[in-house]
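The residues making up each chain are set out below.
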Amino acid sequence: MGHTTFTCLENTHAPSHDLALLLARFQFAFTVGVHIIFPAFSIGLAAYLAVLEGLWLKTSRTVFLDLYRYWIKIFSIVFGMGVVSGLVMSYEFGTNWSVFSQKAGPITGVLLSYEVMTAFFLEAGFLGIMLFGMNKVGRGLHFAATCCVSIGTLISMTWILSSNSWMQTPQGYTIDPVTGRFLPADWLAIIFNPSFPFRLVHMGLAAFLSVACIVGATGAWHLLKARKQGVAASEPVRVMFSMAMWMAALLAPIQILAGDAHGLNTLKYQPAKIAAMEGDWESESRAPELLFGIPNMQTEHTDYAIKLPWAGSLILTHSLNGKVPGLKDFPRDERPPSPVIFFSFRIMVALGMLMALVGFWSLWLRRRKTLFTNKVFQYVALCMAPAGFLALLCGWVTTEVGRQPWTVYGLLRTSQSVSPVVLSSLAVSMTAFVVVYVLVFGSGLGILVRLLGHAPQTGEAPPPPEHAAEILAGRMHPDLIDPPTGKGA
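Residues numbered from 1 in each chain as written. Predicted model: local features only at pLDDT ≥ 70, side-chain atom pairs only at ≥ 80, totals over all residues. Heavy atoms only, no water.

Trainee: Outline the overall build of the chain, supporting the account with residue identities and numerical values.
Mentor: Across its full length, the chain carries 15 helices and eight strands. The globule rule puts the C-alpha radius of gyration for 489 residues at 23 Å, and the 24 Å found for the chain is close to it. Across the 489 residues that make up the chain, the buried fraction comes to 50%. Within the chain, contacts between residues separated by at least 24 positions form 78% of all contacts whose residues are at least 6 apart in sequence. Of note, the chain has its 33 positive side-chain charges centred 10 Å away from the centre of its 27 negative side-chain charges. (Helix = DSSP H or I, 4+ residues; strand = E, 2+ residues; numbered from the N terminus. Rg over C-alpha atoms; globule rule 2.2 N^0.38 Å. Buried < 20%, exposed > 50% of the residue type's maximum accessible area, 1.4 Å probe, protein only. Contact = heavy atoms within 4.5 Å. Lys, Arg positive; Asp, Glu negative; His and termini not counted. Charge placed at Lys NZ, Arg CZ, Asp CG, Glu CD.)

Okay, structure coming up:
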């Protein structure tokens, strides 16, 4: 009954409904696109802080404590912006996607509530100790608090990706024949759905690499600045630059392998997404890899294609004779928009390869003992600052747009999931979101850039604990405290 009703509605869409659907999708994409940067930053940076504090406790080298105090100021801002930007989406589920919430809520709502009850409570419980408790509690307890915050960010990522992965590869459910709601039948199958492990590893590595790019770019900036001033860079600058390059060299190749495994999983469970990513229209064995082209959804052909013979089958199936799906294997109304994900996927892969190249280059320079003196490499590392986040966003676009036209893959269409909202209301809220986001998060990013513009120093001062409440509430920033007096600037 539910399926028949929604099919009828879908076939009678008015143009205004189509525009409202498009605007609702764009609004959610905009808010998620802004939000996803901050949790990824928090995940990677929290882990980096735990490593820094652990190294300080193990080696007693003050350089690690100096770096910890430097980057924890950045973390406090990033974490706050992540919380604020994420609150909006919970309301959008109710205002713009109420039908999806009503039908998939018994599963996705529970998974997201688990994220709040476990990860968010863990982070909130130990964040104050992490930020302001180093001189109030013992070293071991403070390190435990830092580790708890880091673990909390990873748990948060786990639950959110489990929910999203279930929407991509749904398992362990039944459908109520009257209401059409998805009801849980096997929670283990729901949580550990077929694509979840691959997405979890891929996203975790992406977060770590994104932070490595930021840390490396910050180190490169201060190395170049010191060279221009004719002085030696401080030890904290050299250490954080070295650590970032180690991270890129170690994790970028692993990320490429993880992406390959994820692709094999997607080929098995979402072949239409793979066909759209590759710009392939005919299923064939010994398929070529399209290095470039412009997929045309109307003519069912990829124009201006530059092909690498047999490489498509080899990459996607690990066999020269492997069969690669084509978009013509699927009905027109079930094909993802190939032009979008064709390019987003290739940008993501190109950036991943570039990060691996930078990592290998750093190993060569390290061997030659010129890592801190090679000016060209430092400029390249500086330009790589946004590479991790750009790759992450392109990967997210590939994943989510490639799922279309479904919200729950193969079961619930996006057009069936939207609320019956008025186009004018969506236009007003979309405009408000853009204006507010530009003002609020633009200001936050400006503060981050200003903080990163100051090099970490030997004897780096921590955030003053007497202003903990103001800083946590967002009324004052650690960088605006006058160190000698402790008074706000």
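Structure shown, so let's carry the discussion forward.
Trainee: I'd like to hear about the nonpolar core, residue by residue, with values.
Mentor: Counting residues in each nonpolar core, the largest one holds 97 residues, and the members touching the most others are Trp71, Ile74 and Phe75. It is helix α3 (residues 62–95) that contributes the most residues to this core, 16 residues altogether. (Core = buried A, V, L, I, M, F, W, Y, C linked by side-chain atoms within 4.5 Å.)

Trainee: So what about the packing of aromatic side chains? Which residues, and what values?
Mentor: One pass over the full model with this rule turns up 21 aromatic pairs. Here the aromatic rings of phenylalanine 75 and phenylalanine 79 are separated by 5.7 Å at their centres, their planes lie at 35°, and the arrangement is tilted. Taken as a pair, phenylalanine 75 and phenylalanine 79 lie in helix α3 at a separation of four residues, close to a single helical turn. Side by side, phenylalanine 75 and phenylalanine 79 carry an identical accessibility label, which is buried. Among the aromatic residues, those joined into a cluster by ring pairs are Phe30, Phe38, Phe433, Tyr437 and Phe441. (Phe/Tyr/Trp six-rings, centres within 6.5 Å; stacked < 30°, edge-to-face > 60°.)

Trainee: Go over empty space enclosed by the protein, please, and point to the residues and values.
Mentor: This structure, assessed with the given rule, holds one cavity of 30 Å³ or more. The space that makes up the largest cavity amounts to roughly 90 Å³. Those elements giving two or more residues to the lining of the largest cavity turn out to be α7 (196–229), α8 (235–269) and α11 (338–367). Sorting elements by how many residues they give to the lining of the largest cavity places α7 first, with five residues. (1 Å grid on protein atoms, 1.4 Å probe; cavity = no way out; pocket = protein on both sides within 12 Å on 5 of 7 lines; lining within 4 Å. Points joined across faces, edges and corners; volume = space filled by probe spheres on them.)

Trainee: Which residues make up the packing of α3 against helix α4 (residues 98–132), and what values do they have?
Mentor: Any two packed helices are characterised by how steeply their axes cross, that is the angle between the axes, and by the distance between the axes. Contact geometry of α3 with α4 gives a least axis separation of 12 Å together with a crossing angle of 160°. Considering the angle they form, α3 stands roughly antiparallel to α4. Handedness of the crossing formed by α3 with α4: left-handed. Across the interface between the two elements, Tyr68, Ile72, Phe75, Ser76, Phe79, Val83, Phe93 and Gly94 from α3 touch Ser98, Phe100, Ser101, Leu112, Phe120, Glu123, Leu127, Met130 and Leu131 from α4. Here the residues of the contact of α3 with α4 are counted per class, giving twelve nonpolar, four polar and one charged. (Axes fitted to C-alpha atoms, helices over the stretch in contact; angles between N-to-C directions. Parallel < 35°, antiparallel > 145°, perpendicular 65-115°, else oblique. Left-handed = near helix turned anticlockwise from the far one by under 90°. Nonpolar A, V, L, I, M, F, W, Y, C, P; charged D, E, K, R; others polar.)

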